[in-house]
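One-letter residues, chain by chain:
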Amino acid sequence: MHYYVCLHQEGTNSIPKLIQKAHANNYNVVATSINANMLPLDPQETDPTYPATVLSAVEWISKLIFQVSDVDVDSPNAKFREYSKAMLMRDAIWAEHLQTNGNIMVRIRGPNNDNLAEIINSRSKGLFVCDVIYIFPTMSMFYISGNWFINVPITNPELASFEHRRDATESEIEEAQQVDPWNWWNELRFAIKHNARTKVVVELSDSDRPSRECVRRWLGEPIEAIIIPSSLFVLNRSNYYVLQKEWQTIVGHFISMRANIIISTKINDKSIGQYSEYIKKLINDHGDTHKLNSYENMLEIPLQPLFDNLDSYTYEIFETDPVKYKLYQEAIQQVLLDRVSEAEAKRKLTVVMVLGAGRGPLVRAVFNAAEIAKRKVRVYIIEKNPSAIRTLSNMVKTLWSKKDVHIFSKDMRDFSPPELADVLVSELLGSFGDNELSPECLDGALKLLKPDGVSIPCKSTSYINPIMSAVLHNNVSQLTSTVPAFDSGYVVLLKNIYHIDEPQALFEFTHPNRAAIIDNTRHKKLSFTAQKDCVLHGIGGYFDTVLYKNIILGINPLTHTPGMFSWFPMFFPTQPLTIKAGDTISIEFWRRVDAEKVWYEWRVCEPKESELHNPGGMGYNMRL
């Protein structure tokens with residue numbers, strides 16, 4: 001992920017000189033009005049301040065984002081409103097001419113944005129960003145094409161006026177503090193039908209610092225950039241411009257969500273080089289870069305290893321997890337020590353069956369644990385994938401030829417063992433715990449286990465919570481023309497999300513399950529409370545599992561196993577629903593089973609009852 005740091009200055013009379021100045025001060029982007037150095041006097045003006053030949057066509061497309069004239073198309077003044085609409089249309093047409101898809105940013109000023117929404121809906125190619133952004137040839141090329149960037153203040157701009165008003169009453173100040181500009185954006189978002197080509201530029205202000213929850217909520221929005229006014233910078237003891245610690249934390253949160261940075265300064269500011277240097281250091285400190293970046297917010301269909309045979313690439317990805325197999329090894333070692341005393345170590349044999357061995361990482365964990373514990377083991381490898389069996393057979397011959405190990409190409413549910421196992425070891429868990437049918441598989445394998453035998457894992461629990469993510473909603477919406485996208489569950493590396501409330505436990509399964517009548521259907525209704533006004537876009541799904549005693553791994557955000565990446569969370573989409581702070585959000589969830597498949601159904605019951613998603617497993621199911 002490449003970030004751009006943008007220099008925003010108004011009043012320039014030479015775009016090329018502004019670019020040169022920015023480049024010399026370590027900016028890779030500049031921003032200035034689409035009508036540089038010209039007041040928007042006449043909407044019919046056809047002689048702009050610069051011709052299209054100022055830059056090449058490639059430079060217009062790759063180096064600029066336009067900020068339109070400072071007008072209000074939803075002004076209560078009818079004459080000014082019509083004038084503003086004409087000005088905005090003129091700017092949009094000029095931007096489209098220069099950039100093919102016209103990137104432009106507009107500022108919203110309040111809750112009424114019907115005319116702006118109408119214009120956005122009508123301009124199939126239009127976009128909104130504040131200023132012109134140039135990216136230099138010495139930097140990576142950023143193609144910011146075809147988006148409306150909506151400039152939203154992070155707190156009510158009216159609060160700034162109270163610093164200069166002695167007549168302001170406490171009630172006026174309190175009333176202004178209750179105004180949340182996020183609601184302005186949210187009203188516009190619904191009016192433009194969640195247009196995926198519309199993004200947000202959040203403007204910070206030195207008049208009021210946002211709360212932690214306010215910042216967290218913005219992280220669930222489609223953020224293009226944040227604007228940092230130069231007034232937020234202060235001189236430290238070394239006479240160097242920095243942000244105060246509280247602002248460092250806020251900006252760091254946005255950077256971690258891939259937000260670009262626009263620094264807004266006066267035209268004669270002499271410290272712009274220090275600002276950019278400092279911001280690039282923050283990007284280096286807070287930029288969340290890892291080898292799984294490409295998976296962020298990407299919708300993936302969950303694996304079905306019971307029905308489908310996995311390929312070698314998928315096995316290899318799982319095997320690179322540095323944490324999971326270490327915990328499995330610790331669990332196996334502890335079981336061996338608990339079942340075989342020191343006095344019995346030389347003569348007592350523990351039979352371990354590895355169910356669904358893949359390419360052998362769990363088998364290695366068993367042998368490593370036995371060696372460390374100094375306990376004797378006999379290992380049965382059961383794997384239904386014939387291609388994986390070829391690799392396992394080679395490992396048995398070359399790596400484990402002197403081990404007491406036996407390999408069988410069988411479905412664990414159909415396997416008839418030569419003897420019963422003391423320990424069953426498996427990794428059949430999916431992102432939602434049971435979504436790869438671990439209950440059905442391990443119930444079918446119960447006949448392989450001694451009456452006092454142990455299963456690793458021995459319990460799994462799924463969790464859900466309501467989440468806001470405009471990015472994920474847009475990604476799901478893009479699939480609706482070909483599949484019932486809102487009736488599917490997805491595996492997603494969640495990035496641009498807001499957790500409306502903390503996850504709660506949903507379904508639990510224990511192993512071995514020795515109940516007289518085994519029923520793996522489930523149903524539960526959970527209630528959550530919204531902390532801030534927000535939009536419910538879907539349900540996050542997670543799990544944790546007890547391998548043995550106190551050895552636990554999982555992806556519940558509250559207790560996520562550090563460093564483990566074998567599982568991404570799940571996302572169950574719902575239709576967007578505006579939620580008010582304090583609202584109760586009730587979610588009903590089912591796990592249903594028939595002779596051929598297992599599936600989930602879900603719906604929102606409060607504050608407004610929604611449609612039932614995935615009835616009968618029509619969009620997403622796990623085949624038995």
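Labelled according to an unreviewed UniProt entry, the chain appears under the name Protein arginine N-methyltransferase, originating from Drosophila arizonae. Entered under Sequence similarities (unreviewed entry) in the UniProt record, the comment concerning the chain runs "Belongs to the class I-like SAM-binding methyltransferase superfamily."

(A) How the structure looks around the overall build of the chain. Within the chain, the regular secondary structure consists of 15 helices and 25 strands. Across its three principal axes, the chain shows a C-alpha extent of roughly 95 × 50 × 50 Å. Expressed as a percentage of the 624 residues in the chain, the buried residues total 56%. Once local pairs closer than 6 in sequence are excluded, the contacts in the chain between residues at least 24 apart make up 79%. Side-chain charges in the chain split into 65 positive and 73 negative, and the spacing between the mean points of these groups amounts to 8 Å.

(B) Just the UniProt feature "domain: PRMT5 oligomerisation" (unreviewed entry) in the chain, in detail. Per the UniProt record, "domain: PRMT5 oligomerisation" (unreviewed entry) is found at residues 460–622. The distance separating the terminal C-alpha atoms of residues 460–622 is 18 Å; by composition the span is 5% helix and 48% strand.

(C) Broad picture of helix α15 (residues 470–477). Of all the positions in α15, only Ala 470, Leu 472, His 473, Asn 474 and Val 476 are classed as buried. As for α15, its buried residues are in contact with α6 (181–191), β15 (459–468), β16 (490–491), β20 (534–548) and β22 (570–579).

(D) Spotlight on the sheet that holds strand β4 (residues 148–153). One open sheet holds the 7 strands; their spatial order is β2-β1-β9-β6-β5-β4-β3, and the pairing between them is parallel. On the outer flanks of this sheet lie β2 (29–31) and β3 (104–107), each paired with one strand and no other. If you compare each strand with its neighbour and ignore which way they point, the axes differ by 25° on average. In this structure, strand β6 (residues 223–229) lies alongside strand β9 (residues 260–265), joined through 5 bridges in parallel fashion. By the bridge assignment, Ile 226 is partnered in β9 with Ile 261.

(E) Seen up close, the packing of aromatic side chains. Enumeration according to the criterion identifies 18 aromatic pairs in this entry. The interplanar angle of 25° and the centroid separation of 4.4 Å between the aromatic rings of Phe 233 and Tyr 275 together place this pair among those described as stacked. Taken together, the positions of Phe 233 in strand β7 (residues 233–235) and Tyr 275 in helix α9 (residues 272–286) put the pair 42 residues apart, joining distant regions of the chain. One exposure class covers both Phe 233 and Tyr 275, and it is buried. Ring geometry for Phe 432 against Phe 589: centres 5.7 Å apart, planes inclined by 50°, an arrangement best described as tilted. Of this pair, Phe 432 sits in the loop between β13 (421–426) and α14 (438–444) while Phe 589 sits in strand β23 (residues 584–593); the two residues are 157 residues apart in sequence, bridging distant segments of the chain. Three or more aromatic residues joined by ring pairs form one cluster here, namely Phe 432, Phe 507, Phe 572, Phe 589, Tyr 600, Trp 602 and Tyr 620. Positioned above the aromatic ring of Trp 567 is the side chain of Lys 324, whose terminal nitrogen or guanidinium carbon lies 4.9 Å from the ring centre. Of note, Lys 403 hangs over the ring of Phe 367, and the distance from its end group to the ring centre comes to 5.3 Å.

(F) Molecular detail of the pattern of salt bridges. In the structure shown here, the tally under the stated rule is 30 salt bridges. The residue Glu 342 makes a salt bridge to Arg 375 at a minimum N-O spacing of 3.6 Å. Separated by 33 residues along the polypeptide, Glu 342 in the loop between α11 (324–339) and β10 (349–355) and Arg 375 in the loop between α12 (361–373) and β11 (376–382) bring together distant segments of the chain. Each of the salt bridges in this network shares a partner with another, and the network as a whole consists of Arg 339, Asp 422, Lys 450 and Asp 452.

About the thresholds
- Residues numbered from 1 in each chain as written.
- Predicted model: local features only at pLDDT ≥ 70, side-chain atom pairs only at ≥ 80, totals over all residues.
- Heavy atoms only, no water.
- UniProt positions renumbered as here; feature names shortened; annotations may be inferred.
- Helix = DSSP H or I, 4+ residues; strand = E, 2+ residues; numbered from the N terminus.
- Buried < 20%, exposed > 50% of the residue type's maximum accessible area, 1.4 Å probe, protein only.
- Contact = heavy atoms within 4.5 Å.
- Lys, Arg positive; Asp, Glu negative; His and termini not counted.
- Charge placed at Lys NZ, Arg CZ, Asp CG, Glu CD.
- Pairing = 2+ DSSP bridges.
- Axes fitted to C-alpha atoms, helices over the stretch in contact; angles between N-to-C directions.
- Phe/Tyr/Trp six-rings, centres within 6.5 Å; stacked < 30°, edge-to-face > 60°.
- Lys NZ or Arg CZ within 6 Å of the ring centre and 35° of its normal.
- Salt bridge = Lys/Arg side-chain N within 4 Å of Asp/Glu carboxyl O.

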